[in-house]
Amino acid sequence: MDSVWPEPRKKLPPRPTALDPYKAVIDGILRADLDAPRKQRHTGSRPRTIDEYFEVERPLLMPLPEEPFETGRVFTPRVDRYSQIAVRTNRYSVPVRLIGKRVRVMLHASHLVVYHKNVEVARHERLIAKGSCRLELDHYLEALIRKPGAFPGATALEQARSAGKFTPVHDAWWAAAVKAHGDTEGTRALIEVLLMARHIPYEYLVAGLATALRAGALTADAVALEARKAAQTEDEPGPATSSALATGQPPATVTFLHEWKLNHLPPDTRPLPSVTPYDQLLRRRASGGDHREGEAQ
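Because the structure is predicted, anything quoted here is derived from the model rather than measured.

Caption draft 1: Structural view of the side chain of Gln 84. Its location among the elements puts Gln 84 in strand β2 (residues 84-87). A polar contact of 3.2 Å, which involves the side chain of Gln 84, links it to the side chain of Arg 91. Excluding residues that lie within four positions of it along the chain, Gln 84 makes contacts with Arg 78, Val 79, Arg 91, Tyr 92, Ser 93, Cys 133, Leu 135 and Tyr 140.

Caption draft 2: Spatial organisation of the packing of helix α5 (residues 168-181) against helix α6 (residues 183-195). Put simply, α5 and α6 touch, their axes get as near as 7 Å, and they point 140 degrees apart. The handedness of the crossing between α5 and α6 comes out as right-handed. Contacts between α5 and α6 involve His 170, Trp 173, Trp 174, Ala 177, Val 178 and His 181 from the first element and Asp 183, Glu 185, Gly 186, Thr 187, Ala 189, Leu 190, Val 193 and Leu 194 from the second.

Caption draft 3: View of the pairing of strand β6 (residues 119-125). Of the strand pairs in this sheet, strand β5 (residues 111-116) and β6 are connected by six bridges, and their pairing is antiparallel. Within β6, the residue paired with His 116 across the bridge is Val 119. In textbook terms, the turn of a hairpin is the stretch between consecutive antiparallel strands, and for β5 and β6 this stretch comprises two residues, one of which, Lys 117, has a positive phi near 55 degrees.

Caption draft 4: Focus on the layout of surface pockets. Counted as a void, the largest pocket has a volume near 490 Å³. Taken together, 23 residues line the largest pocket, and the ones lying closest to its centre are Glu 136, Leu 137, Asp 138, Ala 160 and Lys 165. Within the residue set of the lining of the largest pocket, elements represented by two or more residues are β6, β7 (133-134), α4 (155-163) and α7 (202-215). By residue number, the principal contributor to the lining of the largest pocket is α4, which donates five residues. Along the lines of polarity and charge, the residues of the lining of the largest pocket split into 13 nonpolar, four polar and six charged.

Caption draft 5: Seen up close, the pattern of salt bridges. One pass over the full model with this rule turns up nine salt bridges. Between Asp 80 and Arg 91 there is a salt bridge whose closest N-O contact spans 2.4 Å. Taken together, the positions of Asp 80 in the loop between β1 (73-75) and β2 and Arg 91 in strand β3 (residues 90-93) put the pair eleven residues apart, joining distant regions of the chain. Ionic pairing is found between Glu 120 and Arg 123, a salt bridge with its closest N-O pair at 3.0 Å. On the basis of relative accessibility, which here comes to 47%, the residue Arg 123 falls in the partly exposed class.

Caption draft 6: Just the packing of α5 against α7, in detail. Two elements in contact, α5 and α7, have axes separated by 10 Å at closest approach and are oriented at 40 degrees. One element, α5, and the other, α7, form an angle in the oblique class. Of the two possible hands of crossing, α5 and α7 adopt the one that is left-handed. Touching Val 169, His 170, Ala 172, Trp 173 and Ala 176 of α5 are Tyr 202, Val 206, Leu 209, Ala 210, Ala 212 and Leu 213, all from α7. Counted by class, the contact of α5 with α7 contains ten nonpolar, one polar and no charged residues.

Caption draft 7: Spatial organisation of unusual backbone geometry. A positive phi angle is found at Arg 88, which is not glycine, with a value near 60 degrees. As for its position among the elements, Arg 88 is in the loop between β2 and β3. Residue Asn 118 is not a glycine yet carries a positive backbone phi of 60 degrees. With respect to the helices and strands, Asn 118 occurs in the loop between β5 and β6.

Caption draft 8: Quick look at the sheet that holds β6. Ordered in space as β1-β4-β5-β6, the four strands form an open sheet in which the pairing is antiparallel. Here the strands that pair on one side only, and so sit at the sheet edges, are β1 and β6. When the angles between neighbouring strand axes are averaged without regard to direction, this sheet yields 20 degrees. Summarising the sheet, strand β4 (residues 104-107) and β5 pair through four bridges and their orientation is antiparallel. Each bridged residue has a counterpart across the sheet, and for Arg 104 the counterpart in β5 is Tyr 115.

Caption draft 9: Representation of the sheet that holds β2 in the model. The three strands are arranged β2-β3-β7 in an open sheet whose pairing can be described as mixed. The sheet terminates laterally at β2 and β7, the two strands that pair on one side only.

Caption draft 10: Summary view of the pairing of β2. Direction of pairing for β2 relative to β3: antiparallel, over a ladder of four bridges. Within the sheet, the bridge partner assigned to Ala 86 lies in β3 and is Arg 91. Hairpin remark: β2 followed by β3, antiparallel, with two residues in the connecting loop; positive phi at Arg 88, about 60 degrees.

Caption draft 11: The packing of aromatic side chains, seen in detail. Applying the stated rule across the entire model yields three aromatic pairs. A ring pair is formed by Phe 151 and Phe 166, whose centres lie 6.3 Å apart and whose planes are at 55 degrees; its orientation type is tilted. Note that Phe 151 is positioned in the loop between α3 (141-144) and α4 and Phe 166 in the loop between α4 and α5, a separation of 15 residues in sequence. Take Phe 151: its relative accessible area is 0%, and that puts it in the buried class. For Phe 166, a relative accessible area of 4% translates into the label buried. Ring geometry for Phe 151 and Trp 174: centres 5.1 Å apart, planes at 80 degrees, overall edge-to-face. Residue Phe 151 is found in the loop between α3 and α4, and its partner Trp 174 is found in helix α5; the two are separated by 23 residues along the sequence. Taken together, the aromatic side chains of Phe 151, Phe 166 and Trp 174 make up a single cluster linked through ring pairs.

Scoring rules and cut-offs
- Residues numbered from 1 in each chain as written.
- Predicted model: local features only at pLDDT ≥ 70, side-chain atom pairs only at ≥ 80, totals over all residues.
- Heavy atoms only, no water.
- Helix = DSSP H or I, 4+ residues; strand = E, 2+ residues; numbered from the N terminus.
- Polar contact = N/O pair within 3.5 Å; in protein donor to acceptor, adjacent residues only side chain to side chain.
- Contact = heavy atoms within 4.5 Å.
- Axes fitted to C-alpha atoms, helices over the stretch in contact; angles between N-to-C directions.
- Left-handed = near helix turned anticlockwise from the far one by under 90°.
- Pairing = 2+ DSSP bridges.
- 1 Å grid on protein atoms, 1.4 Å probe; cavity = no way out; pocket = protein on both sides within 12 Å on 5 of 7 lines; lining within 4 Å.
- Points joined across faces, edges and corners; volume = space filled by probe spheres on them.
- Nonpolar A, V, L, I, M, F, W, Y, C, P; charged D, E, K, R; others polar.
- Salt bridge = Lys/Arg side-chain N within 4 Å of Asp/Glu carboxyl O.
- Buried < 20%, exposed > 50% of the residue type's maximum accessible area, 1.4 Å probe, protein only.
- Parallel < 35°, antiparallel > 145°, perpendicular 65-115°, else oblique.
- Phe/Tyr/Trp six-rings, centres within 6.5 Å; stacked < 30°, edge-to-face > 60°.

So, in structure tokens, the structure goes:
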């Protein structure tokens with residue numbers, strides 16, 4: 001019995017065309033166009049590239065606006081009593097001075113920025129998971145310095161440790177300060193040191209903490225002084241500091257704050273005081289006494 005399917009046709013041989021002699025040249029042009037950058041390719045049947053068309057349109061374009069176009073989404077939450085704001089399903093911290101006030105949040109794809117009266121007050125990396133919380137330790141320092149007992153168990157401290165902002169150097173200096181001054185005063189001294197990070201770069205502050213710890217200087221003033229010395233040392237390295245840096249450890253010497261201020265006072269070019277004008281008062285007093293004696297006689 002024969003098959004119901006017809007026999008397949010035989011494939012016809014390719015017919016020669018007039019472009020066969022130029023096939024290699026055409027293939028080379030197309031391959032070069034595909035290997036070229038995107039804006040230097042020919043699109044469709046257009047005779048010019050994208051760059052050539054753009055150069056024609058460039059003089060006709062309007063200038064860019066002076067203010068960048070904002071692509072974030074705006075929220076206006078109110079700060080709760082925990083100094084946090086709710087954005088979507090997550091919570092973020094803001095400075096404690098804004099408790100009870102309404103702020104403006106600009107939410108972007110990877111971060112968010114918090115404004116109060118057109119001033120940036122906080123910036124956080126955006127949380128992806130739902131129901132999460134991101135707290136910045138610096139936002140709570142004004143409240144913690146009044147209640148230092150809440151500092152050890154603060155959630156913001158745990159997040160600062162996990163993020164690497166609260167280093168083992170901080171912990172070692174804190175433990176030494178608590179041992180020397182007690183729990184309350186030692187913790188308050190550490191919070192004063194953390195407040196200095198708003199004015200002193202972080203790396204200099206950590207270097208000041210390490211130097212003060214090795215020297216046994218467990219006060220915020222000593223840490224501030226050592227941090228400033230570390231900044232000055234980096235700006236103007238000297239022979240003593242270069243040898244210390246070669247060993248990997250800065251010198252553990254601490255100068256008291258009042259001594260440092262006295263050594264850095266500007267020169268006094270004022271003349272020495274004179275008491276000559278006061279002699280006139282003595283002469284007036286003597287002449288007045290003689291006059292009264294004559295009246296009495």
